[in-house]
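# Examination of the molecular architecture
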Amino acid sequence: PQSISIVADRRLGKSSLLYHVYSRYRNVLRNPDEYLFCHLDLQEKEKYPSRERFYEEIMKSANLSYSTSVDYSVFEEGLKTVKENKKKLVLLLDEFDVLVNDERFDSGFLGNLRSLAPTYDIGYITASQRPLNDICHNEAKGSPFFNIFHRLDLGVFKPDEAEEMLFTLSERGGRRFSDEII
């Protein structure tokens, strides 16, 4: 899987887009059973006080069992299980800026995430208000983790795009808008 960084201003639908991908991927992927999607909302900073808690939340979201506290080695064992089950893990990380702006999540942490991507077929989809390298604290700037992302900038619809969307959706619903409405 490739990794995507969704960048947009506040309130432009980043969270909605991630949730839509998470809840609808089975309807659009050719082989949805080959994937394991995990969605984490990182805006609650106190929910992720450490790397270990971050790894644990991923393992919970992926329904991976563990018997001890979750450190990097336990997390990696969970990823091995996912790979042995011939699954590709896709991590949807909403409000990623909150995590990478926290000094506890340093370049070593980001380096670990990057090294996991090719080893365990992990794709990351992050949502943030600014580009990844701009939002992290100084110690993590320039991390190779950011090199694996394709950046997708979202913005407001242009008037013709908004009109096309309204007409298309209203037709699908069986009630075409008249031209006077627009």
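Presented here is a report on the structure given in the accompanying data block. (Residues numbered from 1 in each chain as written. Predicted model: local features only at pLDDT ≥ 70, side-chain atom pairs only at ≥ 80, totals over all residues. Heavy atoms only, no water.)

Below, the discussion takes up the overall build of the chain. Of regular secondary structure, the chain possesses 7 helices and 5 strands. Going from N to C terminus, the chain has its helices and strands arranged as β-α-β-α-α-β-α-α-β-α-β-α. With respect to the principal axes defined by its C-alpha atoms, the chain has extents near 60 × 40 × 30 Å. Out of the 182 residues belonging to the chain, those deemed buried represent 36%. Here the analysis covers contacts within the chain between residues at least 6 apart in sequence; of these, 67% occur between residues at least 24 apart. (Helix = DSSP H or I, 4+ residues; strand = E, 2+ residues; numbered from the N terminus. Buried < 20%, exposed > 50% of the residue type's maximum accessible area, 1.4 Å probe, protein only. Contact = heavy atoms within 4.5 Å.)

The subject of this paragraph is the pattern of salt bridges. Per the counting criterion, the structure on display carries 10 salt bridges. Across the salt bridge formed by Glu56 and Arg53, the nearest N and O atoms sit 3.6 Å from each other. Of this pair, Glu56 and Arg53 both sit in helix 2 (residues 51-61), 3 residues apart, roughly one helical turn. A relative accessible area of 24% means that Arg53 is categorised as partly exposed. Across the pair Lys60 and Glu56 runs a salt bridge whose closest N-O atoms are separated by 3.7 Å. Of the two residues, Lys60 and Glu56 are both situated in helix 2; the distance of 4 residues between them amounts to about one turn of the helix. Looking at Lys60, the relative accessible area reads 40%, which means it is partly exposed. What you see here is one network of salt bridges that share partners, running through Lys47, Arg53, Glu56, Glu57 and Lys60. (Salt bridge = Lys/Arg side-chain N within 4 Å of Asp/Glu carboxyl O.)

Looking now at the sheet that holds strand 4 (residues 122-128). With parallel pairing, the 5 strands of this open sheet are ordered in space as 2-3-4-1-5. Single-partner strands in this sheet number two, and they are strand 2 (35-41) and strand 5 (149-153). In this sheet, adjacent strand axes meet at a mean angle of 15 degrees when their direction is disregarded. As paired strands, strand 3 (residues 88-94) and strand 4 are joined by 5 bridges and run parallel to one another. Residue pairing across strands places Leu91 opposite Tyr124, the latter belonging to strand 4. Packed onto the sheet, helix 2 meets strand 2 and strand 3 and runs at close to 130 degrees relative to strand 2. (Pairing = 2+ DSSP bridges. Axes fitted to C-alpha atoms, helices over the stretch in contact; angles between N-to-C directions.)

Within the largest apolar cluster, 37 residues are counted, with the highest numbers of intra-cluster contacts made by Phe54 and Tyr124. Where this core is concerned, the elements lending two or more residues are strand 2, helix 2, helix 3 (72-84), strand 3, helix 4 (96-100), helix 5 (107-120), strand 4 and helix 6 (132-135). It is helix 5 that provides the largest number of residues to this core, a total of 6 residues. Those residues in contact with Tyr124 that sit more than four places away from it in its chain are Gln2, Ser3, Ile4, Leu91, Leu93, Leu113, Leu116, Ala117, Phe145, Ile148 and Phe149. (Core = buried A, V, L, I, M, F, W, Y, C linked by side-chain atoms within 4.5 Å.)

None of the figures reported here should be taken as evidence of function without further support.
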